[in-house]
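# Structure at a glance
One letter stands for each residue in the lines below.
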Amino acid sequence: MELLDDSLNLAKELEQEKRKNDIIRRISFELGHLSSLKEKLDNILLMLEERFGLKHSMLLLPDADQQSLKVFASRGFEAQGLGAEVKMGEGVIGVVALRKRKLRLANISRQRQYVQSSAGIEAEAMGYALPGLSQAQSQVAIPLLANDELVAVLSAESEDVNFFDREDEEFLMTLSQLLAISIQNAIILEQLEQKVKERTAALEAKKLELEQLNASKDRLFSIIGHDLRSPAASLQNATELILYYQEKGDTQQLSQLGCRISRAAHTINTMLDNLLNWSITQTGDLRLQAELLPVATLFEEVLDIYQEMAVSKNIQISSCCPPGLYLLADPNAALIILRNLLSNSVKFTPAGGKISLKAQAQGSQTQIDICDNGIGMEPEKLHQLFQLKERKSSRGTAKEKGIGLGMVLVREFMRLSQGSIDVKSLPQQGTSIRLLFPTS
Amino acid sequence: MNKHPERALGIESAKHSGMAKLNKITPELRKALDSVIPLMVCTCGEGDNPNISIMSQLYYINEQQVALSYQFMNKTWRNLLVNPVFTALVLEPEKMSIWRLRLEYLEEKTEGPIFEEMEMQILALSTPEHISFSLHSALICKVIFVEEVFEGSNL
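Residues numbered from 1 in each chain as written. Chains lettered and ligands numbered in written order. Predicted model: local features only at pLDDT ≥ 70, side-chain atom pairs only at ≥ 80, totals over all residues. Heavy atoms only, no water.

## Digging into the environment of Asp369(A)
Residue and element names in this part refer to chain A. Along the chain, the position of aspartate 369 falls in strand 11 (residues 365-372). Residues aspartate 369 and leucine 436 lie 67 residues apart in sequence; the distance between their C-alpha atoms is 9.0 Å. Ignoring any residue separated from it by four or fewer positions in sequence, one finds aspartate 369 in contact with Ser356, Leu357, Lys358, Ile433 and Arg434. Engagement of the side chain of aspartate 369 in a polar contact is seen with the side chain of arginine 434, the distance being 2.8 Å. (Helix = DSSP H or I, 4+ residues; strand = E, 2+ residues; numbered from the N terminus. Contact = heavy atoms within 4.5 Å. Polar contact = N/O pair within 3.5 Å; in protein donor to acceptor, adjacent residues only side chain to side chain.)

Next up, the structure:
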């Protein structure tokens, strides 16, 4: 009789083991699928209900700083409570997370009553908003660990006083590592996807930057190949003409050629200057030495260069600078900026026009205004003033040539000088440029 | 010295009620231990004076051993040091059956898996209420015998 009992028990145990093995096999198979974290968590709870009868369950994941846990998935509760938080070390789930040990509670309401009455406090609603059964009597909470690191907490509840037994608890522990690794994989996958997204965006940005650089480089080649050619050709043409007029003995034509040569040489010089400066700023080799510069002296230097050209175009340049006014900048940078701006004003102001150069202190800064009543710019032109683009350059009022690099340089050097530039322009009315330089 | 402290609880011995004494914890009792709150513990120290006290946990270790939670003991602890044999009464909440356990206190533990799990139970229930309960120690006890003194019934 006893033998029969024993073999019956054995058969029962064997049946149970088979059932458990079957669950483990199915769950490992299902968990093998790659899926998003949310899908994976929902799937785990679904499987635990279907195969193991856990009707009210949730999965909580710790925050990055391990200070609290958040509900990422729940099943079988009135309120899903996703995102609800519990502090590490608080309540069943918090304690399980902190200690990384499973916990099973039975007869919860009476236990809670007992704790409350022995502490002499009134029963009140639970202090945290986790999803839960209002009449929960049993709860089991399992830490899901991978390499001793807390990946998640699985919690299941029941309204029965003693729903979970030790075997359930042990079996869930057996499953726990499988679940932990599967969740961790999903988290890693999600992080990887995020990384890939970030890297792709970074690559896109880099690509755009390179494309712009490439466009700048193309523009440079085009400047060298085309824009510089015409003044150079003009020079060459002038030298041929020198020979021709010399043979003819025409001294009047010869002296007029001098002016043309001078203009062509000046254009080449300015272009080469700008090209060189621009390439220095682009390669990052530029070393600016800021010092306090007297504005009046700067004005004198640039006026000296353009006075002659202005006179030949019948343009009047006035300058006004209070004595003792200084600005802080690298001397070469300041000259490049002023030279380019004044050159533009002369270039785009027709005969009989006026240009004014004004400086004044503006708080802790020095303000320089360069205004002309020239041909001005359309808003569209103004918009791309600081961009290095193919065919941006405009002919001056006396068909002066440029390479569209001047304003790019001006802005770059103003930026490097910690200053600012503001351009206002209206077609046929003129252009006003306001520069603000630091003084300390 | 009074060697039968259960008399103080006014419960008839199994000898008279006809129920069997067992020397190990049965699965039914184990279920009762899981959900027991509170349990009564009767000790007897010097001078034949029994002391009845209420404890929060009797933790199942194995069929032969349980652990008693030491949170706020006073006289119970003094009595146990003099006389380690004592009686615990456990009520099983589903059938309301009552179990009597004759136990012998063996050693005190303030760390290790048994202590930790008992401590976690206390913390899990008290932290949400902002009560700072702690477990002083786990008292490991040997099971001398258990008997069901009231069968209870399925309602």
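Let us keep going from here.
## Quick word on the pattern of salt bridges
Residues and elements named next belong to chain A. In total, this model carries 18 salt bridges over all chains according to the counting rule given. Note that lysine 20 and glutamate 17 form a salt bridge whose closest N and O atoms lie 4.0 Å from each other. With lysine 20 and glutamate 17 both in helix 1 (residues 2-31), this residue pair falls three residues apart, about one helical turn. According to the relative accessible area criterion, glutamate 17 is partly exposed, its value standing at 44%. Between arginine 434 and aspartate 369 there is a salt bridge, with the nearest N and O atoms lying 2.8 Å from each other. (Salt bridge = Lys/Arg side-chain N within 4 Å of Asp/Glu carboxyl O. Buried < 20%, exposed > 50% of the residue type's maximum accessible area, 1.4 Å probe, protein only.)

## Looking at the interface of chain A and chain B
Residue-level contacts link 30 residues of chain A with 29 residues of chain B. The contact between chain A and chain B buries some 2,900 Å² in all, and 58% of this surface belongs to carbon and sulfur atoms. In terms of surface lost to chain B, no three residues of chain A exceed Arg101(A), Tyr114(A) and Arg166(A), which account for 24% of the buried area on that side. For the interface between chain A and chain B, the tally reads three salt bridges. Between Arg101(A) and Glu117(B) there is a salt bridge, with the nearest N and O atoms lying 3.6 Å from each other. Here chain A and chain B share four residue pairs in polar contact (both at pLDDT 80 or more) between them. Listed by contribution, the elements that provide at least two residues to the side of chain A that touches chain B are helix 3 (91-99), strand 4 (103-105), helix 4 (108-119) and helix 5 (166-227) of chain A. For the side of chain A that touches chain B, the leading source of residues is helix 4 of chain A, giving eight residues. For the side of chain A that touches chain B, the class distribution of residues is 13 nonpolar, eight polar and nine charged. (Buried area = accessible area lost by both parts, 1.4 Å probe. Nonpolar A, V, L, I, M, F, W, Y, C, P; charged D, E, K, R; others polar.)

## Side note on unusual backbone geometry
Residues and elements named next belong to chain A. Of note in the backbone geometry, asparagine 314 takes a positive phi value of approximately 60° without being a glycine. Judged by its relative accessible area of 53%, asparagine 314 falls in the exposed class. Positive phi is not limited to glycine here, since glutamine 428 has a value of about 65°. Mapped onto the secondary structure, glutamine 428 falls in the loop between strand 12 (420-426) and strand 13 (430-438). The exposure class of glutamine 428 is exposed, given its relative accessible area of 64%.

## Describing the packing of helix 8 (residues 295-312) of chain A against helix 9 (residues 331-347) of chain A
Residues and elements named next belong to chain A. The N-to-C vectors of helix 8 and helix 9 enclose an angle of 30°; their axes lie 10 Å apart at closest approach. In this view, helix 8 runs roughly parallel relative to helix 9, as classed from their interaxial angle. Seen along the crossing, helix 8 lies across helix 9 with a hand that is right-handed. Contacts from Leu298, Phe299, Glu301, Val302, Leu303, Ile305, Tyr306 and Met309 of helix 8 reach helix 9 at Ala334, Leu335, Leu338, Arg339, Leu342, Ser343 and Val346. When its residues are assigned to classes, the contact of helix 8 with helix 9 shows twelve nonpolar, one polar and two charged. (Axes fitted to C-alpha atoms, helices over the stretch in contact; angles between N-to-C directions. Parallel < 35°, antiparallel > 145°, perpendicular 65-115°, else oblique. Left-handed = near helix turned anticlockwise from the far one by under 90°.)

## Structural notes on the side chain of Ser97(B)
Locating Ser97(B) in the fold gives a position in strand 7 (residues 97-109). Contact partners of Ser97(B), with chain neighbours within four places excluded, come to Val90(B), Leu91(B), Glu92(B), Glu148(B), Phe150(B), Glu151(B) and Gly152(B).

## A look at the confidence of the model for chain B
Fine structural detail should not be taken from predicted coordinates in areas where pLDDT scores are low. All names here are of chain B. In the predicted model, chain B carries a mean pLDDT of 83, and the fraction of residues at 70 or more is 85%. Mean pLDDT values for the elements of chain B range from 46 in helix 1 (residues 14-17) up to 94 in strand 5 (residues 65-70). Counting contacts from residues 12-17, a segment whose pLDDT is below 50, to residues more than four positions away or on other chains yields nine contacts. (pLDDT = per-residue confidence, 0-100.)

## Here's the deal with the pairing of strand 5 (residues 138-146) of chain A
Remember that side chains alternate between the two faces of the sheet whenever the strand is regular. Residue and element names in this part refer to chain A. Here strand 5 lies mainly inside the structure; eight of its nine residues are buried. Pairing between strand 4 and strand 5: three bridges, direction antiparallel. Directly across from arginine 104, in strand 5, lies its bridge partner valine 140. Examined bridge by bridge, strand 5 and strand 6 (residues 149-158) share nine bridges and lie antiparallel to one another. Note on strand 6: the bridge partner recorded for glutamine 139 is glutamate 157. Once strand 5 ends, the chain turns through two residues before running back antiparallel as strand 6, passing asparagine 147 with a positive phi of about 50°. (Pairing = 2+ DSSP bridges.)

## Observations concerning the packing of aromatic side chains
Applying the stated criterion to the full structure yields five aromatic pairs over all chains. Geometrically, the ring pair formed by Phe52(A) and Phe171(A) is tilted, given 5.0 Å between the ring centres and 40° between the ring planes. Highlighted residues: Phe52(A) in helix 2 (residues 37-52) and Phe171(A) in helix 5, separated in sequence by 119 residues. Taking 5.6 Å as the distance between ring centres and 70° as the angle between the ring planes, the aromatic pair formed by Trp77(B) and Tyr105(B) counts as edge-to-face. Of the two residues, Trp77(B) sits in helix 3 (residues 75-82) while Tyr105(B) sits in strand 7, which places them 28 residues apart along the sequence. Tyr105(B) matches Trp77(B) in its accessibility class, with the two residues each being buried. One aromatic cluster is present, built from ring pairs that chain together Tyr70(B), Trp77(B) and Tyr105(B). Sitting over the face of the ring of Phe145(B), Lys21(B) holds its NZ or CZ atom 4.2 Å from the ring centroid. (Phe/Tyr/Trp six-rings, centres within 6.5 Å; stacked < 30°, edge-to-face > 60°. Lys NZ or Arg CZ within 6 Å of the ring centre and 35° of its normal.)

## Re the pairing of strand 9 (residues 326-329) of chain A
Residue and element names in this part refer to chain A. Every second residue of strand 9 is oriented toward a common face, the buried set being Leu327 and Ala329 and the non-buried set Tyr326 and Leu328. Summarising the sheet, strand 7 (residues 291-294) and strand 9 pair through four bridges and their orientation is antiparallel. Looking at strand 9, one finds that leucine 292 is bridged to leucine 328.

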